[in-house]
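# What the coordinates show
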There are 2 protein chains.
Amino acid sequence: MLKAMRVVILGSGRGSNAEALLRAQAEGRLGRARVVQIFTDVPGAGILAHGARFGVPATFLDPAPFKTKLEGEGEGRYIAAIAACQPDLVVLAGFMRVLKPGFIQAFAGRIINLHPSLLPSFPGLDAIGQAWRRGVKITGCTVHHVTPEVDGGPIIDQAAVRIEPSDTLEALAAKVHAAEHALLPAVVARLSAG
Amino acid sequence: MLKAMRVVILGSGRGSNAEALLRAQAEGRLGRARVVQIFTDVPGAGILAHGARFGVPATFLDPAPFKTKLEGEGEGRYIAAIAACQPDLVVLAGFMRVLKPGFIQAFAGRIINLHPSLLPSFPGLDAIGQAWRRGVKITGCTVHHVTPEVDGGPIIDQAAVRIEPSDTLEALAAKVHAAEHALLPAVVARLSAG
């Protein structure tokens, strides 16, 4: 029997992409990937409930002392806790902190991120809002390897979303999230196939 | 009877997008748009032959004294010759010169450009090569209004092209060009509808 690909998810929000991964796993659409742990840097984040629902440990892990990056003691706590999970893949699913080289090197080549634009367009925060304000007609989402350059690592796969004249920003956000929920499990399943 | 939308095309190369417009017009797919003149800044450019084939005047117009921009005497010649065509729309279809504010103001709101990427990704030269080297999985093409900022004007429409693992750079270029040949006539037809 082939070895499972152990997946750790990091997220800060409602966890809809973690949910998409867990549902895909429950439905047998995640290949050899197995989500073994979810960590969040936000106490009470919605992502925690998905872990409970799908029987996967989901834990708040203190990211202090910084607010927008993971460095110092917080970085040390995350590296230690994630390493203890022996992950083959660390998935950043709405993890709202900049990772520093120490973290990235600890899991080199094993960290992927989901970004809500067709990179290299609209890196950084509020990518959907950026696309909306620029008036593009096609945007989408990207799964990429994480390197020290924010949103700059090698691209693994992307999905396109068309912006219709009738779309509101909220409607666009819903379409991009739907594309994410399809793309991320597909990419993880493919990575698990080697 | 509704008035035709008079279109002037500027191009520097083989003119495949001018050909796509002329073919669409011949097949009744260009709405009220009518191509009345083609100008090129390159003596003997392939684009000239398409004019002859479709019965549209196609003329080399001296862009001197500059090599990569249209300024000074050349700009004056282009403004005068294009204005004499009384254009409702000036289409840049592979016109390889930077336009200056004098030209853009002369035809303000009436100049559109076709760019072979999903802007704002990969502005400037060799957009298809840029996308290829960055390793994106989705690229495409953009039709946008021309403003003094290169490749920065309001986007009118875009089309996406998926890059498959088996694609070569040449195969990708062919796919992007095919997307352009569909997008540009559709946009011009739509603009002619008001």
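Residues numbered from 1 in each chain as written. Chains lettered and ligands numbered in written order. Predicted model: local features only at pLDDT ≥ 70, side-chain atom pairs only at ≥ 80, totals over all residues. Heavy atoms only, no water.

## Regarding the sheet that holds strand S8 (residues 138-145) of chain A
All names here are of chain A. Test applied: DSSP calls a pair of strands paired once it identifies at least 2 bridges connecting them. Each helix corresponds to a stretch of at least 4 residues labelled H or I by DSSP, and each strand to a stretch of at least 2 residues labelled E; elements are numbered beginning at the N terminus. To obtain each axis, a line is fitted to C-alpha atoms, and for helices this fit is confined to the stretch in contact; angles are then taken between N-to-C directions over 0 to 180 degrees.
Taken in spatial order, the seven strands of this open sheet run S3-S2-S1-S5-S7-S8-S9, and their pairing is mixed. Lying at the two open borders of the sheet, with one neighbouring strand each, are strand S3 (58-60) and strand S9 (155-162). Taking the axes of each pair of neighbouring strands and ignoring which way they run, one obtains an average angle of 20° across the sheet. Taken together, the seven bridges between strand S1 (residues 5-11) and strand S2 (residues 33-40) define a ladder with parallel strand orientation. Within S2, the position partnered with valine 8 by the bridge is glutamine 37.

## A look at the interface of chain A and chain B
Convention followed: Note on definitions: a residue-residue contact is assigned when non-hydrogen atoms from the two residues lie within 4.5 Å. Put simply, a salt bridge is a Lys or Arg side-chain nitrogen that is within 4 Å of an Asp or Glu carboxyl oxygen. The term polar contact refers here to a pair of N or O atoms within 3.5 Å; inside protein, the definition further demands a hydrogen-donor-capable atom paired with an acceptor-capable atom, and it admits residues adjacent in sequence only when both atoms are side-chain atoms. Throughout this entry, Asp, Glu, Lys and Arg are counted as charged residues, while Ala, Val, Leu, Ile, Met, Phe, Trp, Tyr, Cys and Pro are counted as nonpolar. The remaining residues, Gly among them, count as polar.
Counting residues at the interface gives 21 residues for chain A and 21 residues for chain B. The residue arginine 162 of chain B makes a salt bridge to aspartate 157 of chain A at a minimum N-O spacing of 3.3 Å. Seen at the junction of chain A and chain B, the total is 13 residue pairs in polar contact (both at pLDDT 80 or more). Broken down by element, the side of chain A that touches chain B gets its largest block of residues, seven residues, from S9 of chain A. Its residues assigned to classes, the side of chain A that touches chain B shows eleven nonpolar, five polar and five charged.

## Quick notes on the confidence of the model for chain A
Do not read the fine detail of predicted coordinates wherever pLDDT is low. We apply this condition: Residue-level confidence of the predictor is summarised by pLDDT, bounded by 0 at the bottom and 100 at the top.
Predicted confidence across chain A gives a mean pLDDT of 96, with 99% of residues reaching 70 or more. For this predicted complex, the interface score ipTM comes out at 0.88, while the overall pTM is 0.91.

## Re the relation of the copies chain A and chain B
Put simply, the test is: C-alpha atoms of residues with pLDDT of at least 70 in both copies form the basis for the least-squares superposition of the copies.
Least-squares fitting of chain A to chain B yields an RMSD of 0.0 Å, with the superposition described by an axial translation of 0.0 Å and a rotation of 180°. Expressed as an axis order, the relation between the two copies is that of a two-fold axis. For chain A, the smallest separation between a C-alpha atom and the rotation axis is recorded for serine 121 of chain A, amounting to 2.5 Å. Same-surface contact between copies: 100% of interface residues of chain A are shared with the interface of chain B.

## Considerations on the pairing of strand S5 (residues 89-92) of chain A
All names here are of chain A. As a reminder, the rule being used: The rule is simple: take the accessible area with a 1.4 Å probe, protein chains only, and divide by the maximum for that residue type; under 20% is buried, over 50% is exposed, in between is partly exposed.
Going residue by residue along S5, you find Leu89 and Val91 tucked away on one face and Val90 and Leu92 tucked away on the opposite face as well. Inspection of the sheet shows S1 paired to S5 by four bridges, in the parallel sense. Following the sheet pairing, valine 8 is matched in S5 by valine 90. Two elements, S5 and strand S7 (residues 111-115), share three bridges in a ladder whose sense is parallel. In the strand pairing of S7, valine 90 is matched with isoleucine 111.

## Regarding the side chain of threonine 142 of chain B
Note that threonine 142 of chain B resides in strand S8 (residues 138-145). With residues near it in sequence (within four places) discarded, threonine 142 of chain B still touches Asn113, Leu114, His115, Ser117, Leu118, Leu119, Ile155, Asp157, Gln158 and Leu183 of chain B.

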